[in-house]
Amino acid sequence: WQAILDILKYQMVSKLCIGIWIFVLGRLAAWALRSTGRVAVTSGDFAFIFTSWQGILLILVALATLFVYVAFDLNTKIIFSGKLLHGEKHGIWRCMKEALLSIRRFFCLHGIGVILYVALLAPILGLGMSISLTKSFYIPTFITSVIEATPLYLFGVSILLAAFAALGILNMFILHGVILDHLSVKDAGTASKQMMKQNWKHYIGQNFLYAATMILSVGIVALIFLVIPLSLIQILPFSASAARVLTIFFCIVGSAVTALAGLFATPFYVMKVTELYYAYKTGEHVRYAIRERGR
């Protein structure tokens, strides 16, 4: 909880940097697409992406976007959590600089696989850490309806998703190994698998406990700032205009509190996973060190 102000600062700075980066790459992608006479990519002309320099450029822009998003959205949080855990200085710009430098370790086949998993598969599976850019990704309804209507497809996809989920759990600490311990992606994957094989029951239990704590916290906040005030407005003898104004006010407050909860959800989860990473690595319970101001 001592990191709340730093998290708020980080979220503002990182979102600004990401916004600028996406704007620049977006203009580059739009220019490449317009140079082909297109305004969008459809399933009918999807092949041009792999057969033209503009298409290759779009692929590179997309990969660059994902790499930078992972650096700012996850790597910085992991570095920030590691420094906070050990009571070290955790300046936002310092953590972001380290995160950007660390992304070069993912410039390999295994690294690209990790980035694609975090950006594309993790949101669909609803498992592990993902980036805000793709957190709303899902399998379209027209595809799921075909899968659900065909037992063979449903069985095959279920097996495939289960395999990807197991792969994600086993490699949960791969980012931590690369970023915090400067391992290669392959060695970090091996270390992560060893940790999870020994501690998977504890890890799953801790995740359930964390989820329950967050749900309870959000529920209490919603009860205090939204449910109780709105109930009192209905019960107490307010005038119609006063009741309307108070209802709008508390709805705005409730929405703001909910938005703040969403803002803290991912950083807190990354902090929890980082704590578990060090605990499994050392075999001892690890607590966050309190750093004195000015240190």
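Residues numbered from 1 in each chain as written. Predicted model: local features only at pLDDT ≥ 70, side-chain atom pairs only at ≥ 80, totals over all residues. Heavy atoms only, no water.

**Remarks on the packing of helix α3 (residues 53–85) against helix α4 (residues 92–102)**
The packing of two helices is summarised by the inter-axis angle and the distance between the axes. Here α3 crosses α4 at 120°, and the two axes come no closer than 8 Å. Judged on the interaxial angle alone, α4 and α3 are oblique. With respect to the hand of their crossing, α3 and α4 are arranged in right-handed fashion. Here A71, F72, N75, T76, I79, F80 and K83 of α3 come into contact with α4, specifically with I92, R94, C95, M96, E98, A99, L100 and S102. (Axes fitted to C-alpha atoms, helices over the stretch in contact; angles between N-to-C directions. Helix = DSSP H or I, 4+ residues; strand = E, 2+ residues; numbered from the N terminus. Parallel < 35°, antiparallel > 145°, perpendicular 65-115°, else oblique. Left-handed = near helix turned anticlockwise from the far one by under 90°. Contact = heavy atoms within 4.5 Å.)

**A short note on the pattern of salt bridges**
This model, assessed by the stated rule, comprises three salt bridges. One salt bridge connects K77 with D73, and the closest N-O pair in it is separated by 3.5 Å. Here K77 and its partner D73 are both found in helix α3, four residues apart, which amounts to about one turn of the helix. Taking the relative accessible area as the measure of exposure, D73 reaches 3% and is therefore buried. A salt bridge links E98 to K83; the shortest N-O distance between them is 3.3 Å. (Salt bridge = Lys/Arg side-chain N within 4 Å of Asp/Glu carboxyl O. Buried < 20%, exposed > 50% of the residue type's maximum accessible area, 1.4 Å probe, protein only.)

**A short note on the environment of H202**
Along the chain, the position of H202 falls in helix α9 (residues 185–235). For the pair H202 and Y117, spaced 85 residues apart in sequence, the C-alpha to C-alpha distance is 24 Å. Those residues within four positions of H202 in sequence are excluded, and the remaining contacts are L276 and Y280.

**Observations regarding the packing of aromatic side chains**
What the rule picks out here adds up to seven aromatic pairs. By the ring-pair criterion, three or more aromatic residues cluster together here, those being F173, Y203, Y277, Y278 and Y280. (Phe/Tyr/Trp six-rings, centres within 6.5 Å; stacked < 30°, edge-to-face > 60°.)

**Comments concerning α3**
Across its 33 residues, α3 extends 46 Å between first and last C-alpha, which sits within 8% of the 48 Å expected from 1.5 Å per residue. The principal kink in α3, of about 35°, is found at A71. Most of α3 is tucked away: 25 of the 33 residues are buried. Backbone geometry just downstream of α3 places G87 in the positive-phi region, at approximately 70°. (Expected span 1.5 Å × (residues − 1). Bend = angle between axes of the 7 residues up to and from the residue.)

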